[in-house]
Amino acid sequence: MLVSLNWLTTYLDSESLPDPQELASLLNRHSYEVEGIEERGDDVIFDLDILPNRASDSLSHIGIAREIATLVDVKMVLPEGDEVDGRGDNELVSLSVDESIARRALKCVISGITVGASPDWLVERLASVGQRSINNIVDITNFVMLETGQPVHAFDYDKVAGEGAKEIKIRFAKDGETIKLLDEKEYTLDSSIPVIADDEKALDVAGIKGGETSGIDENTTRVLLSSCSFNPTIIRRASQKLNLRTDASKRFENNVPAVLAASAMGRLSSLVKDIAGGESSTVVDLYPSPQEPISVSFSIEEVNSLLGTDISEEEVEDILTRLQFNVLSMGDGFVVSAPFWRTDISLPADVMEEIGRIYGYDRIESVVPTKEEGNISKTHYYKEHIRDILVEAGFSEVYLYTFRNEGEIEVKNKIASDKGFLRTNLSDGIREALEDNMRWEPILGEGSLKMFEIGTVFENDREYPALAIGASDDEPVEQAVTVLKEAGFDVDGEISGGVWEIDLEEIFETLPDPEDADLAEIEDESFSFTPISPYPFVLRDVAVWVPVDVDEEVVRDVIEEKAGEMLVRLSRFDEYEKDGRISYAFNLVFQSPEKTLSDEEVNDIMDDVYGSLEEKEGWETR
Amino acid sequence: MSNGHYHPNTIVVRRAVDILGSLGFQVAEGPEVETEHYNFDALNVPKDHPARDLWDTFWLEENNLGDLLRTHTSPVQIRFMEDAQPPFRILAPGRTYRYEATDATHEVQFHQLEGLMIGTDVTLGHLKGTLNYFFDEFFGKDMDVRLRPSYFPFVEPGVEVDMRPKGESEWTEILGAGMVHPNVLEAAGVDPKKWQGFAFGMGLDRLTMLRYGIDDVRLLFRGDLRFHNQF
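**A short note on the packing of helix 1 (residues 8–21) of chain B against helix 6 (residues 204–212) of chain B**
Residues and elements named next belong to chain B.
Then, in step 1: Orientation of helix 1 relative to helix 6, taken along the N-to-C sense of each, is 100 degrees, at an axis distance of 9 Å. Taken as axis vectors, helix 1 and helix 6 run roughly perpendicular relative to one another. Here helix 1 contributes Pro-8, Asn-9, Val-12 and Val-13 to the contact with helix 6, which in turn contributes Leu-204, Asp-205, Leu-207, Thr-208, Arg-211 and Tyr-212.

This is the structure in structure tokens:
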């Protein structure tokens, strides 16, 4: 969520605030992740990641200001709004509510307004957090939501059907009922979708989006203002069903407190009158079961034993008071209740988290647990053991994809049409990987296409670990299987086209529990891997006669030195001795990490290589 | 004959199991096809709760194994606790899935390393200590560890953990963790009045990438030997 510092300082004394960087650091360490901080003109915009547990109180500028006031202990001044004196129907509105949808509903009509452009300050506020100005009424409703966290709405009262006290209903839609919303799309509703309706039709999808027919336009003179507290689950299900996520639905599904609906209405009606003029009706407020604070009790020992701290009772009391909890100290414990905006707090652990984060996690001392003997996991051990054996036998381990284009278990939401099933074997993947690797076999070196995977495969009623071994021909695979047998694994199975696969679960069942974890020490020097060049490689050969007493290594050194960095592999493919001389023949593979090498470039390098070989006494290239 | 090569994740897991194994953490495993119960409900993520949006889930057509591909290794915690008696110290490496567009830093399949320690007096300080010990050993140098407030429904307090080599200024976000939520202990049949502890879930692929300077996660799953033969 984007938050404007200028906006925040309308509620906080900017003189007492730390600088923006320090503020961001405080929020990061105690409250929310700050994903961005950007200076825009004389303002600073923070991008905060508000997670679901704080979405009910923190998706607003007042919410963030309140959090800052807690962290830096500055005074906060709430904006003024009309006093909302809730009562029943008035001369313009007759309200009926399905209480399973709305825990609280407030309506108010302002008559004699003028719709027009918003004042500069309002346009600026909205623009600072990336919102476009539409007209004064719509802008005020958006502003109130971004200020308080309470989504509110304004209907054109004269587009609502009825005479006198018009009937407004909050009800579930009828199956097949249609509505065109402010996004100008038509939606077909059903009996799980809540709507605000007049006597004839749905005016909006409740808590999610306004309807087009009751929208505000330049001719609107009377507005019906609406501020409700909706059931979070109903809003969430409806927005999922309609595939319509809005700023309003996001807030409602996270349990916006019912108390807030009233103060937001007060703010809304006062802003409308200030900016667009007009006279207010009384406010209709249906609130059958007022929100009760939840009491939570815990002891200071429980706090310290969970957090690993030594916080005093006084400090706990101070922290909770700063968070505006109601705190009762009782003997060695506390009975506390959260302020109305913290609908996420219901358990002792919830309160202890609050204490911990405000106290500061950086003040918690690190304690390494005392060492202990652990058990060895049998299946994990044997998988690791097989890895050791196969790596020693010259095979490289791969982890391939679970998703395949065929199988027994199908994915509902496929990421791609050819990745719609879970693999039933590892072999298909291994075959493909071998084939892919053939294309760059010269880089890898001859006889090096040897790989294995230990991974999970899936049948309709069973998932199990499998092992597959593959190579460019059967022989190395046969050897690997033999080595596994010699190591005590009772394995069987056919090798088909250089690939062999077995069910490891069956094998493991027959094996004893391992006594100790005698696995190979893997040399694990941290190194930076070399990215794979996407450019084609170029092949060349060279053969050279040298005196018999010259080592192959010496020849290699000469070639490598001249061939330089573009030489990615040098392998000898022939060795031949005659008349006191020996002929070595090499393959050279050239590749650049940055470009496609031209024939000319490689020829130039090869000329240098030939030159330096020829220079040597008694050496002769063929 | 020259040796083959371990998958870099295997190297990282073996290292992790060595380090945390010395503190008594034992390896635990669980299925990749999971039920909604183990992947969400038992982890205090009820149906229709906005927290479900924190995971992009692959759902499965009707089958005899489960509803979905696990989105994290956390179900292993529940399965292990159901079958054993506390105290627990477990480490669960495994493959996990998320429904997400693939690019150099995002993959539909990835791997996590889950840790769980439950006892009568396990604290957030032990979480910090365990992770600090792990990173010191894993990176072979003194590391700083920092906890920041975060939210995962199965822990409370929930924290994001950052690390950096001592003396450096930039933090690297490395994992999510926290004190196991009482509802989770209860769902697994462990009395939250008597037992408490921490859990963490670390991105294994990310740890591998950090260790070896790998810039594209997809390299881990393509079976390209030009990549694998470097390890």
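**What to know about helix 6 of chain B**
All names here are of chain B.
Then, in step 1: Residues Leu-204, Asp-205, Leu-207, Thr-208 and Met-209 constitute the buried set of helix 6.
Then, in step 2: Each element contacted by the buried residues of helix 6 is listed here: helix 1, strand 4 (88–97), strand 5 (109–119) and strand 9 (196–203).
Then, in step 3: With its phi angle positive at about 65 degrees, Gly-213 sits one or two positions after the end of helix 6.

**Details of the sheet that holds strand 2 (residues 33–40) of chain A**
Residues and elements named next belong to chain A.
Then, in step 1: Strand order in the open sheet formed by three strands is 1-3-2, with antiparallel pairing between adjacent strands. This sheet does not close on itself; its edge strands, each paired only once, are strand 1 (2–4) and strand 2. With direction set aside, neighbouring strand axes in the sheet form an average angle of 25 degrees.
Then, in step 2: In the sheet, strand 1 pairs with strand 3 (residues 43–49) via three bridges, with the strands oriented antiparallel. Of the residues in strand 3, the one forming a bridge with Ser-4 is Ile-45.

**Remarks on the interface of chain B and chain A**
Put simply, an interface is often sized by how much accessible area is lost when its parts join up.
Then, in step 1: Contacts between the two partners involve 79 residues from chain B and, on the opposite side, 87 residues from chain A.
Then, in step 2: Considering each element in turn, the side of chain B that touches chain A owes the most residues, eight residues, to helix 4 (residues 124–139) of chain B.
Then, in step 3: For the side of chain B that touches chain A, a count of residues per class yields 33 nonpolar, 28 polar and 18 charged.

**Quick look at the pairing of strand 5 of chain B**
All names here are of chain B.
Then, in step 1: In terms of burial, strand 5 is a largely internal element, ten of the eleven residues being buried.
Then, in step 2: Pairing geometry for strand 4 and strand 5, over ten bridges, is antiparallel. When the bridges of strand 5 are listed, Arg-89 appears paired with Met-117.

**Quick look at the packing of helix 18 (residues 552–563) of chain A against helix 19 (residues 599–615) of chain A**
Residue and element names in this part refer to chain A.
Then, in step 1: In contact at an axis separation of 9 Å, helix 18 and helix 19 are set at 145 degrees when each is read in the N-to-C sense. Every pair of crossing elements has a handedness; the one defined by helix 18 and helix 19 is right-handed. Across the interface between the two elements, Val-558, Ile-559, Lys-562 and Ala-563 of helix 18 pack against Ile-605, Asp-608, Val-609, Ser-612 and Leu-613 of helix 19.
Then, in step 2: Of the residues in the contact of helix 18 with helix 19, the class split is six nonpolar, one polar and two charged.

**Examining the pairing of strand 4 of chain B**
Residue and element names in this part refer to chain B.
Then, in step 1: With respect to burial, strand 4 is a largely interior element, nine of its ten residues being buried.
Then, in step 2: Sheet topology places strand 1 (residues 26–27) next to strand 4; two bridges connect them, and they run parallel. Bridge pairing in strand 4 links Val-27 to Leu-91.

**With respect to the sheet that holds strand 26 (residues 567–578) of chain A**
To summarise the sheet geometry, strands pair through backbone hydrogen bonds and adopt either a parallel or an antiparallel arrangement.
Residue and element names in this part refer to chain A.
Then, in step 1: Strand order in the open sheet formed by four strands is 26-27-25-28, and the pairing between neighbours is antiparallel. The open sheet has two free edges, formed respectively by strand 26 and strand 28 (620–621), since each of these has just one partner strand.
Then, in step 2: Pairing between strand 26 and strand 27 (residues 581–590): ten bridges, direction antiparallel. Residue pairing in the sheet places Leu-567 in a bridge with Phe-590 of strand 27.
Then, in step 3: Sheet strands in contact with helix 18 are strand 25 (538–547), strand 26 and strand 27, and its direction is about 145 degrees off that of strand 26.
Then, in step 4: The strands touched by helix 19 are strand 25, strand 27 and strand 28; relative to strand 25, the strand with the most contacts, the crossing angle is about 5 degrees.

**As for helix 10 (residues 300–307) of chain A**
Then, in step 1: For helix 10 of chain A, the full list of buried residues reads Val303(A), Leu306(A) and Leu307(A). Projection of helix 10 of chain A onto a plane perpendicular to its axis shows the buried side chains occupying an angular sector of 85 degrees, all on one side.
Then, in step 2: Close packing links the buried residues of helix 10 of chain A with strand 16 (295–299), helix 11 (313–322) and helix 12 (348–359) of chain A together with helix 4, strand 8 (172–180) and strand 9 of chain B.
Then, in step 3: Where helix 10 of chain A terminates, the next one or two residues include Gly308(A), which has phi positive at roughly 70 degrees.

Rules behind the numbers
- Residues numbered from 1 in each chain as written.
- Chains lettered and ligands numbered in written order.
- Predicted model: local features only at pLDDT ≥ 70, side-chain atom pairs only at ≥ 80, totals over all residues.
- Axes fitted to C-alpha atoms, helices over the stretch in contact; angles between N-to-C directions.
- Helix = DSSP H or I, 4+ residues; strand = E, 2+ residues; numbered from the N terminus.
- Parallel < 35°, antiparallel > 145°, perpendicular 65-115°, else oblique.
- Contact = placed C-beta atoms within 7 Å.
- Buried ≥ 20, exposed ≤ 12 C-beta atoms within 10 Å, placed from the backbone.
- Pairing = 2+ DSSP bridges.
- Nonpolar A, V, L, I, M, F, W, Y, C, P; charged D, E, K, R; others polar.
- Left-handed = near helix turned anticlockwise from the far one by under 90°.
- Arc of directions from axis to C-beta.

Interpretation in functional terms is not warranted from these geometric data alone.
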